[in-house]
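This is what each chain is made of:
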Amino acid sequence: GLGHVLEPLRLAALLDRKGLSAFLRLAAPGFGMTALDFCLRQAVILMAGHLHEPLVTIGAIGVTSSLAGIGMMIGMGCALAGSTMVGNSVGGSNARGAARAAFAIVCTACGLGTLVSSVLVFWRWQIAAVFTPSVDILSLSARAMPVLAAV
């Protein structure tokens, strides 16, 4: 192989009209997804105000959102580690190593996902108690944890 996969761009090339356009085309989907996620969370909180006990519901949303964020960080960490391992193998012209690295990271991610889901299901009361002393919020959060674990 060539010994490299990526040729770095100079800053001037990135900031010219063509480079900036390419960057924005790559950034737009991620920005749109983040904005949509934010808007949907706000809509859910506004709709929760119409429920019987809105403060309990919003408190449980806060607990489960925090836990979902932690779970997403685990997944993103696996994705980053996997892309680094595969990229190193590809850069070293080692196709077999890249395939082995991809398989290893998929197995690791599945194992971690199963572990995190099991922890959320079996220790849901203890985990929810870390976030709130309110018995009502704790109860609703604990009841929602199996659904969160399935996702």
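The structure this text deals with has already been given above.
Because the structure is predicted, anything quoted here is derived from the model rather than measured.

## A look at the overall build of the chain
Then, in step 1: When helices and strands are counted, the chain shows six helices and zero strands.
Then, in step 2: Written out in order from the N terminus, the α and β elements of the chain read α-α-α-α-α-α.
Then, in step 3: A compact globule built from 151 residues would reach a C-alpha radius of gyration of about 15 Å, whereas the chain, at 21 Å, exceeds it by more than 25%.
Then, in step 4: Of all 151 residues assigned to the chain, the portion counted as buried reaches 17%.
Then, in step 5: For the chain, restricting intrachain contacts to residue pairs at least 6 apart in sequence, the fraction spanning at least 24 positions comes to 55%.
Then, in step 6: When the accessible surface of the chain is summed, it comes to about 11,000 Å², and 73% of that surface belongs to carbon and sulfur atoms.
Then, in step 7: The centroid of the 9 positive side-chain charges in the chain is displaced by 13 Å from the centroid of its 5 negative side-chain charges.

## Concerning the nonpolar core
Then, in step 1: Counting 10 residues, the largest nonpolar core consists of Val56, Val63, Leu67, Leu120, Ile127, Ala128, Ile137, Leu138, Met145 and Ala149.
Then, in step 2: Elements represented by at least two residues in this core include exactly helix H3 (54–91), helix H5 (124–131) and helix H6 (135–150).
Then, in step 3: With four residues, H6 is the single largest residue contributor to this core.
Then, in step 4: Apart from residues no more than four positions distant in its own chain, Leu120 is found in contact with Leu67, Ile127, Met145, Leu148 and Ala149.

Conventions adopted
- Residues numbered from 1 in each chain as written.
- Predicted model: local features only at pLDDT ≥ 70, side-chain atom pairs only at ≥ 80, totals over all residues.
- Heavy atoms only, no water.
- Helix = DSSP H or I, 4+ residues; strand = E, 2+ residues; numbered from the N terminus.
- Rg over C-alpha atoms; globule rule 2.2 N^0.38 Å.
- Buried < 20%, exposed > 50% of the residue type's maximum accessible area, 1.4 Å probe, protein only.
- Contact = heavy atoms within 4.5 Å.
- Areas by Shrake-Rupley, 256 points an atom, 1.4 Å probe, with all protein chains shown as cover.
- Lys, Arg positive; Asp, Glu negative; His and termini not counted.
- Charge placed at Lys NZ, Arg CZ, Asp CG, Glu CD.
- Core = buried A, V, L, I, M, F, W, Y, C linked by side-chain atoms within 4.5 Å.

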